[in-house]
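One letter stands for each residue in the lines below.
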Amino acid sequence: MRLAVVDPGSGNLASVHRAVERAAEMAGAAVQVTVTRDPADVAAADRVVLPGQGAFAACRHGLDALPGMEAALNEHIGPRARPLLGICVGMQLFAERGLEHGVTPGLAWLPGEVAPMDPRGPDGKPLPLPQMGWNRLDISQDHALFAGLAPDAHAYFVHSYAWSGGRPEDLLATTDYGGPVTAVVGRANIAGTQFHVEKSGLTGLTILANFLTWSP
Amino acid sequence: MLTLRIIPCLDVKEGRVVKGVNFVDLRDAGDPVEQATAYGAQGADEVTFLDIGATHENRDTMLDVVSRTAASLFIPLTVGGGVRSVDDVRRLLLAGADKASINSAAVAEPELVRRAAEAFGSQCIVVAIDAKQVTPGRWEIFTHGGRKATGIDAVGWAERMAELGAGELLVTSMDRDGTKRGFDLELLRRIRQRVRLPLVASGGVGSLEHFVEGAEAGATGLLAASVFHDGVYRIAQAKAALAVAGWPVRPEEKAA
């Protein structure tokens, strides 16, 4: 199986690359991983991982700077109907728009937008931002990606913006940070995690391994 | 609920783990890759490497350690020590670090924090603050392993670093480091009152109660070295102490 990890610009994808390789060992899958900025690699891939770090607008502009990449991603998830996993800002890019220093259009694969968080504790006091650390996954809908997870599985989050205004049927899991925060979205052959699967220990590797064997 | 993070810190010099008491009397204690992986298996929520006495010559040694660690550690890894430029941050991230910690260089050139945050995102930029109490109610920044006074007010500095784009603050009490008397709680409280960033408390852990006190003072991460390295406590004991006191912790998972 060919798997393309799309590099939207940061270049810091060593962790994702290594985690996919470890997950492939766990899943017993033969996976050839390519970290790429070339849409031809996406066109040739059986599965795509779309990571992203930093700001929504920077990642979006990073993708736009790769001629043919958005079209190749749309072709991959649409006509070719192949699986795609978004991670962190890569997941946020599924939305229609990001609201960070103005409005930036997303890939508009799912209804929703990415808005600033302002989490509050029970006493009304502001909680630290970004949300940085391990938080529990509260699974809203059963999904192939969640197979084999412990009931109290925790994942590693780092974000100050969160998905909002989506459809309930696209919401797969939330986490609690001053109220429910979107943790996993998905529809048909695409899924995205707000948390870093590549840094979420066994929980993250299990989700990645499930992605490698997922037949949506 | 977001859980408290327990973070063992490994001091690394020339590719080997050492440990310090008040930043002197270093002694060799092994391979950082093995130790980091072992802490990951023990349930550490993150691991921090501090490159002690980082020099231009041994920078590649540290990058190699980071790269080999990242190949087998699937939890966040923060690396600090000798980070002086945007390029230094880039090299650490490319080697597999998740966060780079900037200390003395931020004091010398605060704009470095902004540039690094703009280049890579705030999420991977930690500013390390080494503070010492100078008079009641006032703490100042010290650099160069605590040897050099700067006259800068630590709480105001924390606010400024947040404004420049730091994603996290690592606050070390130079008074408490190596003493086993617990974190400087007043310092943590004052920074917490003024700054919304995640706050990692460092310096002084000697008992399990100290972890709980750090959480109560507003830290979201609790860093310790010798109590873990010397085998006084295991990571799970620190988490159990927090859990008993009512703080959320990440449950143990089978080693990945």
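Residues numbered from 1 in each chain as written. Chains lettered and ligands numbered in written order. Predicted model: local features only at pLDDT ≥ 70, side-chain atom pairs only at ≥ 80, totals over all residues. Heavy atoms only, no water.

A. The arrangement of the overall build of chain B in detail. Counting secondary structure elements, chain B contains ten helices and twelve strands. For chain B, the C-alpha atoms occupy an extent of roughly 45 × 40 × 35 Å along the three principal directions. Of all 256 residues assigned to chain B, the portion counted as buried reaches 57%. Summarising the internal contacts of chain B: among those between residues at least 6 apart in sequence, 64% fall at separations of at least 24. (Helix = DSSP H or I, 4+ residues; strand = E, 2+ residues; numbered from the N terminus. Buried < 20%, exposed > 50% of the residue type's maximum accessible area, 1.4 Å probe, protein only. Contact = heavy atoms within 4.5 Å.)

B. Layout of the sheet that holds strand β4 (residues 84-87) of chain A. Residue and element names in this part refer to chain A. Pairing within the open sheet is mixed, and its eight strands lie in the order β2-β1-β3-β4-β14-β13-β12-β9. On the outer flanks of this sheet lie β2 (32-36) and β9 (138-139), each paired with one strand and no other. Relative to strand β13 (residues 180-187), strand β12 (residues 171-176) is paired through five bridges, and the arrangement is antiparallel. Bridge pairing in β13 places Asp176 opposite Pro180. (Pairing = 2+ DSSP bridges.)

C. Focus on the nonpolar core. Residues and elements named next belong to chain B. Counting residues in each nonpolar core, the largest one holds 80 residues, and the members touching the most others are Phe49, Leu169, Phe211 and Phe228. It is helix α6 (residues 154-164) that provides the largest number of residues to this core, a total of six residues. Leave out the neighbours within four places in its chain, and Phe49 touches Leu10, Val12, Pro32, Ala36, Met62, Val65, Val66, Thr69, Leu77, Thr78, Val79 and Gly80. (Core = buried A, V, L, I, M, F, W, Y, C linked by side-chain atoms within 4.5 Å.)

D. How the structure looks around the interface of chain B and chain A. Of the residues lining the interface, 37 residues belong to chain B; the matching set on chain A comes to 35 residues. Both faces combined, the contact of chain B with chain A buries some 3000 Å², and carbon together with sulfur accounts for 56% of it. Taken as a group, B:Leu2, B:Phe74 and B:Arg196 account for 29% of the area that chain B buries against chain A, more than any other trio of residues on that side. For the interface between chain B and chain A, the tally reads two salt bridges. Note that A:Lys199 and B:Asp98 form a salt bridge whose closest N and O atoms lie 2.9 Å from each other. At the surface where chain B touches chain A, the tally comes to 21 residue pairs in polar contact (both at pLDDT 80 or more). Broken down by secondary-structure element, the contributors of at least two residues to the side of chain B that touches chain A are α2 (59-70) and α3 (86-95) of chain B. Element by element, the count of residues in the side of chain B that touches chain A is highest for α3(B), at three residues. (Buried area = accessible area lost by both parts, 1.4 Å probe. Salt bridge = Lys/Arg side-chain N within 4 Å of Asp/Glu carboxyl O. Polar contact = N/O pair within 3.5 Å; in protein donor to acceptor, adjacent residues only side chain to side chain.)

E. Seen up close, the UniProt feature "active site" (unreviewed entry) in chain B. Residues and elements named next belong to chain B. In the numbering adopted here, UniProt assigns the feature "active site" (unreviewed entry) to Asp11 and Asp130. Secondary-structure assignment places Asp130 in strand β7 (residues 125-135). The exposure class assigned to Asp130 is buried, which follows from its relative accessible area of 7%. Excluding anything up to four places from it in sequence, Asp130 contacts Asn103, Glu140, Ile141, Phe142, Thr172 and Met174. A distance of 3.2 Å separates a polar atom in the side chain of Asp130 from a polar atom in the side chain of Asn103. (UniProt positions renumbered as here; feature names shortened; annotations may be inferred.)

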